[in-house]
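Secondary and tertiary structure notes
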Amino acid sequence: DSGVTQTPKHLITATGQRVTLRCSPRSGDLSVYWYQQSLDQGLQFLIQYYNGEERAKGNILERFSAQQFPDLHSELNLSSLELGDSALYFCASSRRTDGRDQYFGPGTRLTVT
Amino acid sequence: GESVGLHLPTLSVQEGDNSIINCAYSNSASDYFIWYKQESGKGPQFIIDIRSNMDKRQGQRVTVLLNKTVKHLSLQIAATQPGDSAVYFCAENYGGSNYKLTFGKGTLLTVNP
């Protein structure tokens, strides 16, 4: 158990809908990273937050957004969902800001039908 | 580019044998490398890391080798056990303005009893 929690574990929704994925980092970790894992693209970095502020952006679509709250939990919002958004979404947390020492959560499996 | 790739998508070994998983990276500016293990239905789990000022680092039953000349990374697992069966990812990280981890596609290791 990494200490990072993610909810829900599974999510099934229809195209065009909007969903919110939640991540609680390890105690004391200020950085949260979001990743998308699909069969054809592997693990792709989406976005990083540090202590409530956006720190780095990766291959995140404009339909996707994230935020980190004062209690350090983070939410990833996915809107206007398409079939191709079906994937595993992981968050990771770290005490560092430089991308190192990341601990991953168990992931949320999103299925868009 | 920032690609990180694996030479072999699958590797099958007998229990008790040593396993070697390889990874090529293309960004010569990368200064930190990590190996993650991902079991079915779980998030990536940190195995071992190495900084670019080292060429070898050992952990418990695992050794990571870094050859900066040819931009190659390998993970050696000694006395492979059935519990080692998983997908193994290498990832690279570099400082500057981009703090993300770039992951390879992964190698599926299957340990036969």
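Residues numbered from 1 in each chain as written. Chains lettered and ligands numbered in written order. Predicted model: local features only at pLDDT ≥ 70, side-chain atom pairs only at ≥ 80, totals over all residues. Heavy atoms only, no water.

The next thing to look at is the overall build of chain A. On a plain count of helices and strands, chain A comes out with zero helices and 11 strands. Ordered by position from N to C terminus, the α and β elements of chain A give β-β-β-β-β-β-β-β-β-β-β. Over its C-alpha atoms chain A spans a radius of gyration of 13 Å, differing by no more than 12% from the 13 Å that the globule rule assigns to 113 residues. Taken along its principal axes, the extent of the C-alpha atoms in chain A is 35 × 30 × 25 Å. Considering chain A as a whole, with its 113 residues, one finds that 52% of them fall into the buried category. Across chain A, every contact between residues at least 6 apart in sequence was considered, and the portion connecting residues at least 24 apart equals 55%. Put simply, chain A shows about 5300 Å² of open surface, and 46% of that area lies on carbon and sulfur atoms. The averaged location of the 12 negative side-chain charges in chain A is 4 Å from the averaged location of its 11 positive side-chain charges. (Helix = DSSP H or I, 4+ residues; strand = E, 2+ residues; numbered from the N terminus. Rg over C-alpha atoms; globule rule 2.2 N^0.38 Å. Buried < 20%, exposed > 50% of the residue type's maximum accessible area, 1.4 Å probe, protein only. Contact = heavy atoms within 4.5 Å. Areas by Shrake-Rupley, 256 points an atom, 1.4 Å probe, with all protein chains shown as cover. Lys, Arg positive; Asp, Glu negative; His and termini not counted. Charge placed at Lys NZ, Arg CZ, Asp CG, Glu CD.)

Let's shift gears to the sheet that holds strand S7 (residues 64-68) of chain A. Residue and element names in this part refer to chain A. The antiparallel open sheet is built from four strands, whose spatial order is S1-S3-S8-S7. A strand with exactly one partner marks an edge of an open sheet, and here the two such strands are strand S1 (5-7) and S7. Going from strand to strand, the sheet's axes swing by 15 degrees on average, the running direction of each strand aside. As judged from the three bridges shared by S1 and strand S3 (residues 19-24), these two strands associate in the antiparallel manner. (Pairing = 2+ DSSP bridges. Axes fitted to C-alpha atoms, helices over the stretch in contact; angles between N-to-C directions.)

Moving on to the packing of aromatic side chains. For the structure on display, the rule yields 12 aromatic pairs over all chains. Between Tyr35(A) and Phe104(A) the ring centres are 5.2 Å apart and the planes differ by 40 degrees, which places this aromatic pair in the tilted class. Residue Tyr35(A) is located in strand S4 (residues 31-38), and its partner Phe104(A) is located in strand S10 (residues 103-104); the two are separated by 69 residues in the primary sequence. Pair check on accessibility: Tyr35(A) and Phe104(A) agree, each one buried. Centre to centre, the rings of Phe104(A) and Tyr36(B) are 5.2 Å apart; their planes meet at 80 degrees, and the pair counts as edge-to-face. (Phe/Tyr/Trp six-rings, centres within 6.5 Å; stacked < 30°, edge-to-face > 60°.)

A separate point is the interface of chain A and chain B. Tallying the contact residues gives 22 residues for chain A and 17 residues for chain B. Between chain A and chain B, the buried area comes to about 1600 Å², and carbon and sulfur atoms account for 50% of it. Of all residues in chain A, the largest losses of buried area upon contact with chain B belong to Leu43(A), Arg100(A) and Phe104(A), amounting jointly to 34% of the total for that side. Between the two partners, chain A and chain B, sit one salt bridge. The partner of Asp31(B) in a salt bridge is Arg100(A), with the nearest N and O atoms 2.5 Å apart. Linking chain A with chain B are four residue pairs in polar contact (both at pLDDT 80 or more). Elements supplying a minimum of two residues to the side of chain A that touches chain B: S4 and strand S5 (42-50) of chain A. Among the elements that line the side of chain A that touches chain B, the one with the most residues is S5(A), at four residues. (Buried area = accessible area lost by both parts, 1.4 Å probe. Salt bridge = Lys/Arg side-chain N within 4 Å of Asp/Glu carboxyl O. Polar contact = N/O pair within 3.5 Å; in protein donor to acceptor, adjacent residues only side chain to side chain.)

This next bit is on unusual backbone geometry. For the bond running from Thr7(A) to Pro8(A), omega is -10 degrees, close enough to zero to count as cis. In this structure, Pro8(A) sits in the loop between S1 and strand S2 (10-13). The backbone of Ala79(B) shows a phi angle near 45 degrees, a positive value even though the residue is not glycine. Position of Ala79(B) relative to the elements: it lies in the loop between strand S8 (72-77) and strand S9 (86-93).

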